[in-house]
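Given next are the chains, with one letter for each unit.
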Amino acid sequence: MLADPVTKHLVSASPILKADETVQQSLTALRASNDVGRIVYFYVVDEDHRLLGVVASRRLLLSPPETIIRSIMSATVISIPSTATVLEACEYFTRYKLLAFPVVDEDQKILGAVDVDLYTAEIMEIDRRQDSDDLFQLIGVHLTEASQRNSRAAFLGRFPWLLCNVLGGMLAAFIADAYDDVATLAVVAPFIALVTALAESVSIQSVSLALQALHGQHPTWAIFSRKAAFEVIVGALLGISCGLSVGAIAFLWKGSWAVSASLFLGIAAGVTASALVGLSIPFVLRLIRRDPQLASGPIALALSDVVTLLFYFNLGRWIL
């Protein structure tokens, strides 16, 4: 059903108000009408039935009878084009959190409406079939594809965040240069890529988990605090486990407890910090009203590399 045209699933968009009528005329017409949609939004049209705006129920009921509808309507109304599919309509419900949307043709004339029953029915159908393709994932992919249809817009949307990788790489290079007494050691240099790769992997896992947790939920500092505490514990367990594994292998290879301890502590600290960084970036971006989808990964990776190298080199300098 996701590929169906949305026009196959229209319901009544009534009651529809006329922009140049008064509140009294509109209320009289509403009382006399038998055509009322299941979810009532008061859409406003002109004489040619073109969509102009929407009126809040409170304003309609509390405005003086002689008030012209046009003067109390909001011109900011979100409509779905008649060429849209059910999947695209579901995208609107996910993005804008409304209970219904008017469907308009190319001339902005209202053809009908789609309400939230369409969205919930599709979710129930996917649950019943137990498909591997989750509706929210499909909508997320569709949103990403839609934003990339224009190559220039896609470039401008993605390139600035890739500069985070450039900046992170340069900072990592500066750190390695500043700790050249450690970074160039034969017992340290071979493990740099491994240490940063482990931290990056955990960071990206935490980013993915944070994005899932944020789906359909307004972030707060209280939620962030709970998630951060949990992720630090998980990150520490992952870091300790990976550090022990790598440290044991390094000891068998190099025969040095110092090298083994340096790797264990560096990986444990770097992975723990990277887990917290990966969780934090999406939350912070959402809290400052920025889209975390494109930005979280590059920022988290860059910060993870920097933090992990600082831990690894400083511990290496102290132990070795």
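From a predicted model like this one, the values you see are computed outputs, not experimental measurements. (Residues numbered from 1 in each chain as written. Predicted model: local features only at pLDDT ≥ 70, side-chain atom pairs only at ≥ 80, totals over all residues. Heavy atoms only, no water.)

Looking only at helices and strands, the protein chain features 12 helices and 6 strands. In the protein chain, which comprises 320 residues, the share counted as buried stands at 39%. Considering only contacts within the protein chain whose residues lie at least 6 apart along the sequence, 69% involve residues at least 24 apart. Split by element, the accessible area of the protein chain, about 17400 Å² in all, is 61% carbon and sulfur. (Helix = DSSP H or I, 4+ residues; strand = E, 2+ residues; numbered from the N terminus. Buried < 20%, exposed > 50% of the residue type's maximum accessible area, 1.4 Å probe, protein only. Contact = heavy atoms within 4.5 Å. Areas by Shrake-Rupley, 256 points an atom, 1.4 Å probe, with all protein chains shown as cover.)

Turning our eyes to something else, we now look at the sheet that holds strand 1 (residues 16-18). Reading across the sheet, the 3 strands line up as 1-2-3 and stay open at both edges, with mixed pairing between neighbours. Of all the strands in the sheet, the pair left with one neighbour each is strand 1 and strand 3 (51-55). Averaged over all pairs of adjacent strands, the angle between their axes in this sheet comes to 35 degrees, without regard to strand direction. Pairing between strand 2 (residues 42-45) and strand 3: 4 bridges, direction antiparallel. Following the sheet pairing, Tyr43 is matched in strand 3 by Val54. (Pairing = 2+ DSSP bridges. Axes fitted to C-alpha atoms, helices over the stretch in contact; angles between N-to-C directions.)

Another aspect to go through is helix 4 (residues 86-96). Residues lying three or four places apart along an α-helix face the same way, a consequence of the helix completing one turn every 3.6 residues. For helix 4, the buried fraction is high: 9 of the 11 residues fall into the buried class. Among all positions of helix 4, only Val86, Leu87, Glu88, Ala89, Cys90, Glu91, Tyr92, Phe93 and Thr94 are buried. Once helix 4 ends, the next one or two residues include Lys97, with phi positive near 60 degrees.

Right, let's talk about the side chain of Ser63 for a bit. For Ser63, the location among the structural elements is in the loop between helix 2 (57-62) and helix 3 (69-72). Residue classification places Ser63 among the buried positions, given a relative accessible area of 15%. From its side chain, Ser63 meets the backbone oxygen of Arg59 in a polar contact 2.5 Å long. Those residues in contact with Ser63, other than ones at most four positions away along the chain, are Val23 and Ile72. (Polar contact = N/O pair within 3.5 Å; in protein donor to acceptor, adjacent residues only side chain to side chain.)

We now examine the UniProt feature "transmembrane region" (unreviewed entry) in the protein chain. Per the UniProt record, "transmembrane region" (unreviewed entry) is annotated on residues 159-179, 185-211, 232-253, 259-285 and 297-315. From the first C-alpha to the last, residues 232-253 spans 30 Å; its make-up is 100% helix and 0% strand. Annotation note: span residues 297-315, helix share 100%, strand share 0%, distance between end C-alpha atoms 27 Å. (UniProt positions renumbered as here; feature names shortened; annotations may be inferred.)

Turning next to the pairing of strand 5 (residues 100-104). Taken across its 5 residues, strand 5 has 5 buried, putting it largely inside the fold. The alternating pattern of strand 5 places Ala100, Pro102 and Val104 on one face and Phe101 and Val103 on the opposite face, and all of these are buried. Where strand 4 (residues 80-81) and strand 5 come together, 2 bridges link them in parallel fashion. Looking across to strand 5, one finds that Ile80 is bridged to Val103. In this structure, strand 5 lies alongside strand 6 (residues 110-115), joined through 5 bridges in antiparallel fashion. Bridged to Pro102 within strand 6 is Ala113.

As a further point, take the environment of Ser82. Following the sequence through the fold, Ser82 ends up in the loop between strand 4 and helix 4. Remark: the alpha-carbon pair of Ser82 and Leu10, spanning 72 residues in sequence, is separated by 10.0 Å.

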